[in-house]
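Single-letter residue listing:
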Amino acid sequence: MKPTDKKNWLAEDLELDREFSDVSSKYARVAEEPPPVPHHIDRLVHGVAHQNAFDSLQRNWLLGNGPQVALAAMIFFAIGILTVYGLRTPTDTPLTEVGPAAPVVTTAKEATSATSGTDVLESDMTDFNSIILARQRASTSGPAESGKEPRSWVRVAFSVDAAGRAEAIRVIERCVRPSAGYDCMDDDVYDQWALDHIRQKRFKPTAQVQELILLP
Amino acid sequence: MALAVTDSSDVLAGTVEPADDQLIAAYARGDHGAFDELYTRYRQPLYGYLFRHCGDAEQAGELFQDVWLRVIASSRRFERQGRFRSWLFTLAHNRLVDHYRQTERRPGTVAEQETGDDDTVPADRTYDSGQAADALQAALTCLPLEQRQAFFLREEQGFSIRDIAEIQGIDPEAAKSRLRYAYSKLRDALQEHQL
């Protein structure tokens, strides 16, 4: 701080006023009011000022750089949200597990198409086809022999919530093939195993009830 | 004389002048209504100040217009909190200095040159035709520009010593000295005419 800043300038002002009060009072008496500002100057200054303000608004679209950045961030955020929800929209694609692979994961719909022999399925699906074909044979023409046919399976139905978890899990049937034909019966051990297995998995959310056949 | 504001009372400066700052900031963001308010506040004081110096309405109007155009152009760069009024008169001070530098004429000599008679007070001068007015006018005419400015800033606009120092870009002691010289010379002129 400069030395002069330490001075009490209010006192200096008052002292100056006192010392020259006579001059001030005489000046106040004789000084006339200045003329008013000419109107054409008022108009000119207002015109320039308003134009400048308009330019400022145009330059600072949406009130400046800060809001522009915020707007850009909001747009990117909205795009991100749309993308995420777009990916999570239910589709007609086959149900796919997100977690560790289950022994057999497919849908009844696929299985039906597979029975017609029109689709090429993966290895897991091949097993499933065998089950379906075997069951059809069992129900119509008695026992069937196939080295690929599994010895047992559990068929479950469930729905998938928004987080991809299975809920309302219902065991439809649990079957075994002791030697010839199939024997489906109640079995708490299979039921519990199927429930535990399905609960550990994550699926694509869908509004439709899903069915899976699990091979223990 | 109404002694203001900024130097002598920080409280007043804090309560009155921030509104000017808000207005100039709003104008810088594109609010032309804020400028209208500022202009209404200061148009007549500024014009009066310039007119006192020039003694000529047309010339004062030209300078007045220039000062406001500078305000408009510099509004986004204004950063002196609570000091818009001082800033405005600083711009006016600088414009006056430029003006007299360009014309190479001392303030107050315009009327003399136009009339060709030092003893005659022109019709558009700001003082009445009485002796006191004549004496004061003559004395003011003879003052150096800086002292004359300091006198008008104090008597007409109520600026404090520190405000005047800020406007003129000098030390407060120098501003006080200018004021004392100006007042003393005016007093001498009045006493000389036994007024």
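Our subject is the structure that appears above.
Residues numbered from 1 in each chain as written. Chains lettered and ligands numbered in written order. Predicted model: local features only at pLDDT ≥ 70, side-chain atom pairs only at ≥ 80, totals over all residues. Heavy atoms only, no water.

J.: Even after reading the chapter, I still don't get the pattern of salt bridges, so can you show me in this structure?
T.: It is possible for side chains bearing opposite charge to pair when their charged atoms get close. This model, assessed by the stated rule, comprises 17 salt bridges over all chains. A salt bridge links B:R154 to A:D17; its shortest N-O distance comes to 2.9 Å. Of this pair, B:R154 sits in helix 9 (residues 145–155) while A:D17 sits in helix 1 (residues 9–19), which puts the two residues in different chains. Between A:E211 and A:R155 there is a salt bridge; the shortest N-O distance is 2.6 Å. Of the two residues, A:E211 is situated in strand 4 (residues 206–214) and A:R155 in strand 1 (residues 152–160); the sequence distance between them amounts to 56 residues. Bridged by salt links that share partners, the residues A:D13, A:D17 and B:R154 form one connected network. (Salt bridge = Lys/Arg side-chain N within 4 Å of Asp/Glu carboxyl O. Helix = DSSP H or I, 4+ residues; strand = E, 2+ residues; numbered from the N terminus.)

J.: What exactly am I supposed to notice about the nonpolar core here?
T.: Nonpolar side chains in soluble globular proteins generally cluster together in the buried interior. Residues and elements named next belong to chain B. L46, L50, F64, W68, F84 and L88 are the most contacted members of the largest nonpolar core, which has 68 residues in total. Looking at which domains feed residues into this core, each of domain 1 (17–114) and domain 2 (126–195) supplies at least three. Apart from residues lying up to four places away in sequence, L46 is in contact with F64, V67, W68, L88, F89 and A92. (Core = buried A, V, L, I, M, F, W, Y, C linked by side-chain atoms within 4.5 Å. Buried < 20%, exposed > 50% of the residue type's maximum accessible area, 1.4 Å probe, protein only. Domains from an automatic or database assignment. Contact = heavy atoms within 4.5 Å.)

J.: Explain the side chain of A:D161 here, please?
T.: All names here are of chain A. With respect to the helices, strands and loops of the structure, D161 is situated in the loop between strand 1 and strand 2 (166–176). Although D161 is buried, it makes no salt bridge; R165 carries the closest opposite charge, 4.2 Å away. At a separation of 2.7 Å, a polar atom in the side chain of D161 contacts the main-chain amide nitrogen of R165. Setting aside its immediate chain neighbours within four residues, D161 contacts E167 and P205. (Lys, Arg positive; Asp, Glu negative; His and termini not counted. Polar contact = N/O pair within 3.5 Å; in protein donor to acceptor, adjacent residues only side chain to side chain.)

J.: What am I meant to see in the sheet that holds strand 4 of chain A here?
T.: Hydrogen bonds along the backbone pair up the strands of a sheet, which may run parallel or antiparallel. Residues and elements named next belong to chain A. Taking strand neighbours across the sheet as the criterion, the four strands line up as 3-2-1-4 in an open arrangement whose pairing is antiparallel. The open sheet is flanked by strand 3 (183–184) and strand 4, the only strands paired with a single partner. Strand direction decides the pairing type here: strand 1 and strand 4, joined by six bridges, are antiparallel. Bridge pairing in strand 4 links A157 to E211. The sheet contacts of helix 7 (residues 188–200) involve strand 1, strand 2 and strand 4, and relative to strand 2 the element is tilted by about 140°. (Pairing = 2+ DSSP bridges. Axes fitted to C-alpha atoms, helices over the stretch in contact; angles between N-to-C directions.)

J.: I tried to follow unusual backbone geometry on my own but got confused; where do I start?
T.: As a rule of thumb, non-glycine residues mostly have phi less than zero, and peptide bonds are mostly trans rather than cis. Residues and elements named next belong to chain A. Phi is positive for A168, which is not a glycine, with a value near 50°. Relative to the helices and strands, A168 is located in strand 2. With a relative accessible area of 62%, A168 lands in the exposed category.

J.: Got a minute to help me understand a nonpolar patch on the surface in this structure?
T.: Residue and element names in this part refer to chain A. Taken together, F77, I81, V84 and Y85 make up a surface patch of nonpolar side chains, about 430 Å² in accessible area. Its location among the elements puts V84 in helix 4 (residues 65–88). The class for V84 is partly exposed, based on a relative accessible area of 43%. (Patch = residues over 30% accessible without salt bridge, like charges linked within 9 Å, V, L, I, M, F, W, Y side chains within 5 Å. Areas by Shrake-Rupley, 256 points an atom, 1.4 Å probe, with all protein chains shown as cover.)

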